[in-house]
Each structure stands twice: as structure tokens, then as C-alpha cells.
Amino acid sequence: MHIDFAIIDTSLSENEIKDLTKKISGSQCINTITAPPYIVKIIKNIIVTNIIVVSFLIDFPLGISDSKTRKFSVEQAIISGGNQIDISMPHNLASNRSYDKFREDVKLLSDICLNNNIL
């Protein structure tokens, strides 16, 4: 079983995030921590990355960014040392039934991740 812990509470202070990360790191059952890039910058030095994978949360929670912004966010996550990416579905494309653009977005971001050995 794969257990992912998402840190998405924007009201947490930096110290609270560090404390929470230390508690999570001590757990034997958590495999992945997923968080927005600004939180990943805080936690990535606390976590032993060969035990727990850190995943960048992109375009969360609404998934309303355009493809160019999402692409830039993924590239920045990779530059920041990300080894896994979680991307919110582009709801504006799905709700407008723009399936071709949806597929283009997924292909663009998948290609970037594959070229950089990112999950």
C-alpha cells in the first residue's frame, strides 16, 4: 500500500510545518509527502529523501492556470530538486469539454517529466 500525506493547510506557520514534517518523517507508513512548492522548500532538507519521496503539488486546488503557467511551475519544481509532481486537473478545460486541449496539456507536462526522470 502507498500512503501519501498532503500538506495543504495554508494557515500553518513555518515552524508548524517543520514540526509536522519531523513527525511524518518518523512514521514508518508514510511513503510520500505532497505539498505546494513554497512548503516543499521548507521541508525538503528535513526529510530523508531515500525513505520518503517529496512531491510538488502544482496548480492546486482549482486547476485553473493556463498550460504555459503549469509548464513553468513544473520546470521550476524540477529545478528545485523535485522528484515527483502532482498536478491538479485543468478544470476549465474539462468543464468546457475541451478534451483536445486537455490531452495537449497532459502530453506537454508528461513529456517534461519523462525527459527529466520525474514521476
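Now for a look at the structure at hand. (Residues numbered from 1 in each chain as written. Predicted model: local features only at pLDDT ≥ 70, side-chain atom pairs only at ≥ 80, totals over all residues. Heavy atoms only, no water.)

## What to know about the pairing of strand β2 (residues 32–35)
Of the two faces of β2, the one holding T32 and T34 and the one holding I33 and A35 are both buried throughout. Where strand β1 (residues 4–6) lies against β2, 3 bridges are found, and the strand directions are parallel. Along β2, the bridge assignment pairs F5 with I33. Crossover β1 to β2 through helix α1 (residues 14–25) is right-handed. Relative to strand β3 (residues 53–58), β2 runs parallel, the two being bridged by 4 bridges. (Buried < 20%, exposed > 50% of the residue type's maximum accessible area, 1.4 Å probe, protein only. Helix = DSSP H or I, 4+ residues; strand = E, 2+ residues; numbered from the N terminus. Pairing = 2+ DSSP bridges. Right-handed = clockwise from strand over helix to strand, strands pointing away.)

## Notes on the pattern of salt bridges
Working definition: two side chains of opposite charge can pair if their charged atoms are close together. Applying the stated criterion across every chain yields a total of 6 salt bridges. In this structure, the salt-bridge partner of K18 is E14, at a minimum N-O distance of 3.5 Å. With K18 and E14 both in helix α1 and 4 residues apart, the pair spans about one turn of that helix. Classification of K18 as partly exposed rests on a relative accessible area of 28%. Since its relative accessible area comes to 45%, E14 is described here as partly exposed. With a shortest N-O distance of 2.9 Å, D111 and K107 are connected by a salt bridge. With a gap of 4 residues between them, D111 and K107 both fall in helix α5 (residues 99–115), about one helical turn apart. Via salt bridges that share partners, D59, R70 and D105 belong to a single interconnected network. (Salt bridge = Lys/Arg side-chain N within 4 Å of Asp/Glu carboxyl O.)

## Some words on the pairing of β3
Within a regular beta strand, the side chains point alternately toward one face of the sheet and then the other, so they alternate between its two faces. Of all 6 residues in β3, 5 are buried, a share of seventy percent or more. Direction of pairing for β3 relative to strand β4 (residues 85–87): parallel, over a ladder of 3 bridges. If you follow F56 over to β4, its bridge partner there is I85.

## Brief notes about the sheet that holds β4
With parallel pairing, 4 strands are arranged side by side in an open sheet as β1-β2-β3-β4. Both outer strands of the open sheet, β1 and β4, are each paired with one neighbouring strand and no more. On average, adjacent strands in this sheet sit at an angle of 25° to one another, irrespective of strand direction. Its contacts with the sheet place helix α3 (residues 67–79) against β3 and β4, and it is angled at close to 160° to β3. (Axes fitted to C-alpha atoms, helices over the stretch in contact; angles between N-to-C directions. Contact = heavy atoms within 4.5 Å.)

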